[in-house]
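Spelled out from the first residue to the last, the chains are:
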Amino acid sequence: MRILIIEDEQELLQDIAKGLTLKGYAVDGANDGQVGCQMALDEAYDLIVLDLNLPGMDGFTILKEVRQEQPQTKVLILTANSELDSKLSGFELGASDYLTKPFHFAELEARIRVLLNRQFIQRANCLTYEGISLNTLSRTLQIKEEPVELTAKELAILEYFLLNQ
Ligand code: CA
């Protein structure tokens, strides 16, 4: 499993890289947004750990670019910003998960493990709960087999709840 970390705090980047390498992941790192984005587009990473506030290019722009070119790549956003709004914009742009700084490495590692396993469990790309069925690829929702229209933000919130039942 290949992981790219884009984080401009050198010490944090090194700590995460070291920890994940010990857990058996192949890890690359970038401390500049533009460099990191180029690496993400050139290589097929299984997961990207992405800081939002970066020199060169901000995390949301990177997320948008990566989503267009590499839809399979999981993106876990790291941010000092715990505001709900920025979380929701991240989910709308296709972030797979969020972690607010400061965090414990064990939590980051656990979330990464869940995200990478989820890839195999959710082969059908369908999240379900009772009569609710959300297709995360086509972004369509059915309730009791009837199609239901939601806004992008509503879908993002529902997806978050289905992923965190
Ligand atoms: Ca930063």
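Scoring rules and cut-offs
- Residues numbered from 1 in each chain as written.
- Predicted model: local features only at pLDDT ≥ 70, side-chain atom pairs only at ≥ 80, totals over all residues.
- Heavy atoms only, no water.
- Helix = DSSP H or I, 4+ residues; strand = E, 2+ residues; numbered from the N terminus.
- Polar contact = N/O pair within 3.5 Å; in protein donor to acceptor, adjacent residues only side chain to side chain.
- Contact = heavy atoms within 4.5 Å.
- Donors = N, O, S within 2.8 Å, 3.2 Å for Na, K, Ca; no water.
- Buried < 20%, exposed > 50% of the residue type's maximum accessible area, 1.4 Å probe, protein only.
- Domains from an automatic or database assignment.
- Buried area = accessible area lost by both parts, 1.4 Å probe.
- Core = buried A, V, L, I, M, F, W, Y, C linked by side-chain atoms within 4.5 Å.
- Phe/Tyr/Trp six-rings, centres within 6.5 Å; stacked < 30°, edge-to-face > 60°.
- Salt bridge = Lys/Arg side-chain N within 4 Å of Asp/Glu carboxyl O.
- Axes fitted to C-alpha atoms, helices over the stretch in contact; angles between N-to-C directions.
- Parallel < 35°, antiparallel > 145°, perpendicular 65-115°, else oblique.
- Nonpolar A, V, L, I, M, F, W, Y, C, P; charged D, E, K, R; others polar.

### Details of the side chain of Lys101
The topology assignment puts Lys101 in the loop between strand 5 (97-100) and helix 5 (105-121). In terms of polar contacts, Lys101 uses its side chain to reach the side chain of Asp51, at 3.2 Å. Apart from the residues within four sequence positions on either side, Lys101 is in contact with Glu7, Glu9, Leu12, Asp51, Leu78, Thr79 and Ala80.

### Some points on the coordination of the calcium ion
Surrounding the calcium ion are the protein donor atoms Asp8 (OD), Asp51 (OD) and Asn53 (O), which sit 2.1 to 2.4 Å from the metal. On the basis of relative accessible area, Asp8 is assigned to the partly exposed category, the value being 31%. Residue Asp51 is classed as buried on the basis of its relative accessible area, which comes to 3%.

### Some remarks on the domain arrangement of the protein
If you check the domain split of the protein, you get domain 1 (2-117) and domain 2 (126-163). Put simply, the middle of domain 1 and the middle of domain 2, counted by C-alpha atoms, are 25 Å apart. Across the boundary between the two partners, domain 1 contributes four residues, which contact five residues of domain 2. In this assembly, domain 1 packs against domain 2 so that about 490 Å² is buried in total across both faces, 72% of it on carbon and sulfur atoms.

### Re the nonpolar core
Note on soluble globular proteins: their nonpolar side chains tend to be buried together. Ile6, Ile48, Leu50, Ile62 and Ile77 are the most contacted members of the largest nonpolar core, which has 19 residues in total. Elements that contribute at least two residues to this core include exactly strand 1 (2-6), helix 2 (33-42), strand 3 (47-51), helix 3 (59-69) and strand 4 (74-79). Looking at which element gives the most residues to this core, the answer is helix 3, with three residues.

### A word on the packing of aromatic side chains
Enumeration according to the criterion identifies three aromatic pairs in this entry. When the centroid spacing of 5.7 Å and the interplanar angle of 55 degrees are considered together, the rings of Phe91 and Tyr98 count as tilted. The pair Phe91 / Tyr98 is uniform in exposure class, with both members buried. Put simply, the rings of Phe91, Tyr98, Tyr160 and Phe161 pair up and form one aromatic cluster.

### Overview of the pattern of salt bridges
If you walk through the whole model with that rule in mind, you get nine salt bridges. Two residues, Arg139 and Glu159, come together in a salt bridge whose shortest N-O distance is 2.9 Å. Of this pair, Arg139 sits in the loop between strand 7 (132-135) and strand 8 (140-143) while Glu159 sits in helix 6 (residues 152-163), and the two are 20 residues apart along the sequence. Through salt bridges with shared partners, a single network forms among Glu7, Glu9, Asp51 and Lys101.

### A look at the packing of helix 2 against helix 3
Where helix 2 meets helix 3, the closest approach of the two axes is 10 Å, and the angle between their N-to-C directions is 10 degrees. One element, helix 2, and the other, helix 3, form an angle in the roughly parallel class. Contact with helix 2, carried on its side by Gly33, Cys37, Ala40 and Leu41, involves Ile62, Glu65, Val66 and Glu69 of helix 3 and no other residues of that element. Residues belonging to the contact of helix 2 with helix 3 are distributed by class as follows: five nonpolar, one polar and two charged.

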